[in-house]
Amino acid sequence: MKKLMLVSAIVLGTVGMSMAQNTANQAVTINAAIIQGLTLSVAGGPLNLGTIVAGTTPAAVDPHTSPIQFTLTGNGTSVVTVQYSSVTLNGPASSTLTFTPTIDGAASSANQATAASVANNATVTLGGSNYSAQDYYFWLGGSVGTVGAGQTPGAYTGTFTLTVHY
């Protein structure tokens, strides 16, 4: 019984004691930059390749004179990656043609005739000042190459997609 009372006294005696505390703090600054979201619009569609005679190689649509213009709006001074791929044009009786696109781009819509070629997965840098909306323009051209002599006659159609991202 004496042992039990001794243990109880030790436990009760330590309950009221406070433990020494040791605290450390360090602050860090949090920064964020908000930039313009990307928007992409198109004007002048659809791209008409015209009537093609089987067994011939039609002229390519030159992006310098193309009626198809994409307008990109994004954050000034940002680098943007441009992505696109060939398009399967579907025709009658499961026939297909492959459209191989060419893209030219410039910082001004007035510069279509002198726009530079933009390869798939290439980057372009938007002009202007940082944190301001800035436009960049792309024009779509391309061709279907040589059409085989046995190509099924009829209408062919497909959809081209231009993708841009920061």
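This text goes with the structure placed above it.
Please read all numbers here as calculations on a predicted model, not as lab measurements. (Residues numbered from 1 in each chain as written. Predicted model: local features only at pLDDT ≥ 70, side-chain atom pairs only at ≥ 80, totals over all residues. Heavy atoms only, no water.)

Draft legend 1. Just the packing of aromatic side chains, in detail. Applying the stated rule across the entire model yields four aromatic pairs. Consider the rings of Tyr 84 and Phe 160, whose centres lie 6.1 Å apart with planes at 50°: the pair is tilted. Separated by 76 residues along the polypeptide, Tyr 84 in the loop between strand S3 (79-83) and strand S4 (87-90) and Phe 160 in the loop between strand S8 (133-143) and strand S9 (163-165) bring together distant segments of the chain. The exposure classification of Tyr 84 matches that of Phe 160, with both residues buried. (Phe/Tyr/Trp six-rings, centres within 6.5 Å; stacked < 30°, edge-to-face > 60°. Helix = DSSP H or I, 4+ residues; strand = E, 2+ residues; numbered from the N terminus. Buried < 20%, exposed > 50% of the residue type's maximum accessible area, 1.4 Å probe, protein only.)

Draft legend 2. Focus on a nonpolar patch on the surface. A contiguous nonpolar patch, built from Ile 35, Tyr 131 and Tyr 166 and spanning about 300 Å² of accessible area, is present on the exposed surface. Residue position: Ile 35 is located in the loop between helix H1 (2-15) and strand S1 (39-43). (Patch = residues over 30% accessible without salt bridge, like charges linked within 9 Å, V, L, I, M, F, W, Y side chains within 5 Å. Areas by Shrake-Rupley, 256 points an atom, 1.4 Å probe, with all protein chains shown as cover. Salt bridge = Lys/Arg side-chain N within 4 Å of Asp/Glu carboxyl O.)

Draft legend 3. Here's a closer look at the nonpolar core. The biggest cluster of nonpolar side chains holds 23 residues, and the ones touching the most others in it are Val 82, Phe 138 and Phe 160. Elements that contribute at least two residues to this core include exactly strand S2 (69-75), S3, S4, strand S5 (96-106) and S8. Look past the residues within four positions of Val 82 in its chain and what remains in contact with it is Val 118, Ala 119, Asn 120, Asn 121, Ala 122, Val 124, Phe 138, Leu 162, Thr 163 and Val 164. (Core = buried A, V, L, I, M, F, W, Y, C linked by side-chain atoms within 4.5 Å. Contact = heavy atoms within 4.5 Å.)

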